[in-house]
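A look at the structure
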Amino acid sequence: MTLLLEVQNLRTHFPVLKGFLRRQVGTVKAVDDVSFTLGTKETLALVGESGCGKTTTGRSILRLVEPTGGEVRFQGTELRSLAPEPLRAFRRNMQIIFQDPFSSLNPRKTVGEAIGGPLMLHGLATDTADAERQAKAVLERVGLQAKYTSRYPHEFSGGQRQRIGLARAVALRPALIVCDEAVSALDVSVQAQVVNLLVDLQAELGMSYLFIAHDLSVVRHIADRVAVMYLGRLVEIGDIDEVFDHPAHPYTQALLSAIPLPDPQKERRRKRIVLQGDLPSPADPPSGCHFRTRCQMFAHELDEARRQRCIDESPALIDRTGSQDRLDACHYATQSSVL
């Protein structure tokens, strides 16, 4: 598989300012040393709790938020070193579907203007009439009527607005789309329609997706691989079926145990892993393993010597299973089945 995107040691930190003079008193490490790759026509899901850094990772890759450090290579080009004009040209091939379908569209622009504007900007439409024609065609492709180009965002439902956001992204035929919680604000029936549409468009246009989500049932349906994120760091990454069937990191096991099973008997027999406490602050993360303060293995299974290692040493994201496609960041990872 040809690599489309390579992310190496990506870091995005934000200063904590205090007082009248706005002195820096700390740093929020929203994304801290994240590395992964994405191939052509591949879907990589990025999952984790709210506040773990998923959205910031996606926006840092596109430089909607400027990273603090690391490398982002798209089609072999390092994006962080690009000046504004070359970056604008690259953005034709990198698009995003925002989480909120209500605030992601300009209320002062018609749907035709919202979709046709980028086509004109990147030279993909010869004039406004051509942009309007292409906008109507892409609206029909995402299941909306062509006449909607003359309407404004407030005239649509949430599901329709999300389809308009999708139409705006795919109109440029990008190589990469960052789907930032693209279906989380929709009801279940509309979720299914949008997810199936994404799958169909990927097969037709050959796009790659970085699919940011917290609904693991949707993730298993659409993704080829999954990366699990906790407090700004990746804790496990691998093939979707391998990770879901045999999760190795305790945090991944806890996430997957929360997925309801359709079989009532299996659901009753299954032991659910309930994490204690809240997600620690990224401004003051625990030493060593960030997950140790909520880890069921640290609390109940490890002896004092092994606990001390978790406190002192941050586990690297490495291969512990003999498969280069499966990485985890736990000193004592053990594969198990929780579904």
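Check the entry above for the structure.
Residues numbered from 1 in each chain as written. Predicted model: local features only at pLDDT ≥ 70, side-chain atom pairs only at ≥ 80, totals over all residues. Heavy atoms only, no water.

Topic: the overall build of the protein
The number of helices and strands found in the protein is twelve helices and eleven strands. The C-alpha atoms of the protein give 21 Å as radius of gyration, which agrees with the globular expectation for 339 residues (20 Å, within 12%). Each principal axis of the C-alpha atoms in the protein carries an extent, and together these give about 70 × 60 × 45 Å. Burial statistics for the protein: of 339 residues in total, 49% are counted as buried. Considering only intrachain contacts with a sequence separation of at least 6, the fraction spanning at least 24 residues in the protein is 64%. For the protein, the exposed area adds up to about 16,200 Å²; of that, 50% sits on carbon and sulfur atoms. (Helix = DSSP H or I, 4+ residues; strand = E, 2+ residues; numbered from the N terminus. Rg over C-alpha atoms; globule rule 2.2 N^0.38 Å. Buried < 20%, exposed > 50% of the residue type's maximum accessible area, 1.4 Å probe, protein only. Contact = heavy atoms within 4.5 Å. Areas by Shrake-Rupley, 256 points an atom, 1.4 Å probe, with all protein chains shown as cover.)

Topic: the packing of aromatic side chains
What the rule picks out here adds up to five aromatic pairs. Relative to Phe-90, the ring of Phe-74 has its centre 6.3 Å away and its plane inclined at 75 degrees; by these criteria the two rings are edge-to-face. One end of the pair, Phe-74, is in strand β4 (residues 69–74); the other, Phe-90, is in helix α2 (residues 84–90), with 16 residues separating them in the sequence. Across this residue pair, the class does not change: Phe-74 and Phe-90 are buried. Among the aromatic residues, those joined into a cluster by ring pairs are Tyr-230, Tyr-251 and Phe-291. The lysine or arginine in question, Arg-306, covers the ring of Tyr-332, its NZ or CZ lying 5.1 Å from the ring centre. (Phe/Tyr/Trp six-rings, centres within 6.5 Å; stacked < 30°, edge-to-face > 60°. Lys NZ or Arg CZ within 6 Å of the ring centre and 35° of its normal.)

Notes on the sheet that holds strand β6 (residues 94–97)
Pairing is mixed across the open sheet formed by seven strands, whose spatial order is β6-β7-β8-β3-β9-β10-β11. Two strands close off the open sheet at either side, each with one partner strand: β6 and β11 (327–328). Across six bridges, the pairing between strand β9 (residues 225–230) and strand β10 (residues 233–239) is antiparallel. What sits directly across from Val-228, in β10, is Glu-236. Of the strands in this sheet, β6 and β7 (176–180) are in contact with helix α5 (residues 158–170), which crosses β6 at around 180 degrees. Contacts from helix α9 (residues 250–257) reach β9 and β10 within the one sheet, and its direction differs from that of β9 by about 105 degrees. (Pairing = 2+ DSSP bridges. Axes fitted to C-alpha atoms, helices over the stretch in contact; angles between N-to-C directions.)

Digging into the pattern of salt bridges
Following the criterion strictly, the structure yields 13 salt bridges and no others. A salt bridge links Glu-66 to Arg-63, with the nearest nitrogen and oxygen atoms 3.0 Å apart. With a shortest N-O distance of 2.7 Å, Arg-326 and Glu-236 are connected by a salt bridge. On the criterion of sequence distance, the pair formed by Arg-326 in the loop between α12 (304–312) and β11 and Glu-236 in strand β10 is long-range, its members being 90 residues apart. Note on accessibility: Arg-326 and Glu-236 belong to one class, buried. (Salt bridge = Lys/Arg side-chain N within 4 Å of Asp/Glu carboxyl O.)

Describing unusual backbone geometry
In the Ramachandran plot, Asn-9 falls in the positive-phi region, its phi being about 50 degrees despite a non-glycine side chain. Backbone geometry places Arg-173, a non-glycine residue, at a positive phi of 50 degrees. Along the chain, Arg-173 turns up in the loop between α5 and β7.

Some remarks on the pairing of β7
Of all five residues that make up β7, five are buried, and the element is covered over most of its length. Going residue by residue along β7, you find Leu-176, Val-178 and Asp-180 tucked away on one face and Ile-177 and Cys-179 tucked away on the opposite face as well. In terms of strand pairing, β6 meets β7 through four bridges, oriented parallel. Among the inter-strand pairings, Gln-95 is bridged to a residue of β7, identified as Ile-177.

Thoughts on the environment of Ile-96
One can find Ile-96 in strand β6. The residues contacting Ile-96, other than those within four sequence positions of it, are Arg-59, Leu-62, Leu-64, Ala-169, Val-178 and Asp-180.

Description of the packing of α5 against helix α6 (residues 188–205)
Interhelical geometry of α5 versus α6 gives an angle of 15 degrees and a closest axis separation of 10 Å. In terms of orientation, α5 lies roughly parallel with respect to α6. Regarding α5 and α6, the two cross each other, and that crossing is right-handed. Contacts from Gly-159, Arg-163, Leu-166 and Val-170 of α5 reach α6 at Val-190, Gln-193, Leu-197, Leu-198 and Leu-201. Looking at the contact of α5 with α6 residue by residue, the class counts come to six nonpolar, two polar and one charged. (Parallel < 35°, antiparallel > 145°, perpendicular 65-115°, else oblique. Left-handed = near helix turned anticlockwise from the far one by under 90°. Nonpolar A, V, L, I, M, F, W, Y, C, P; charged D, E, K, R; others polar.)

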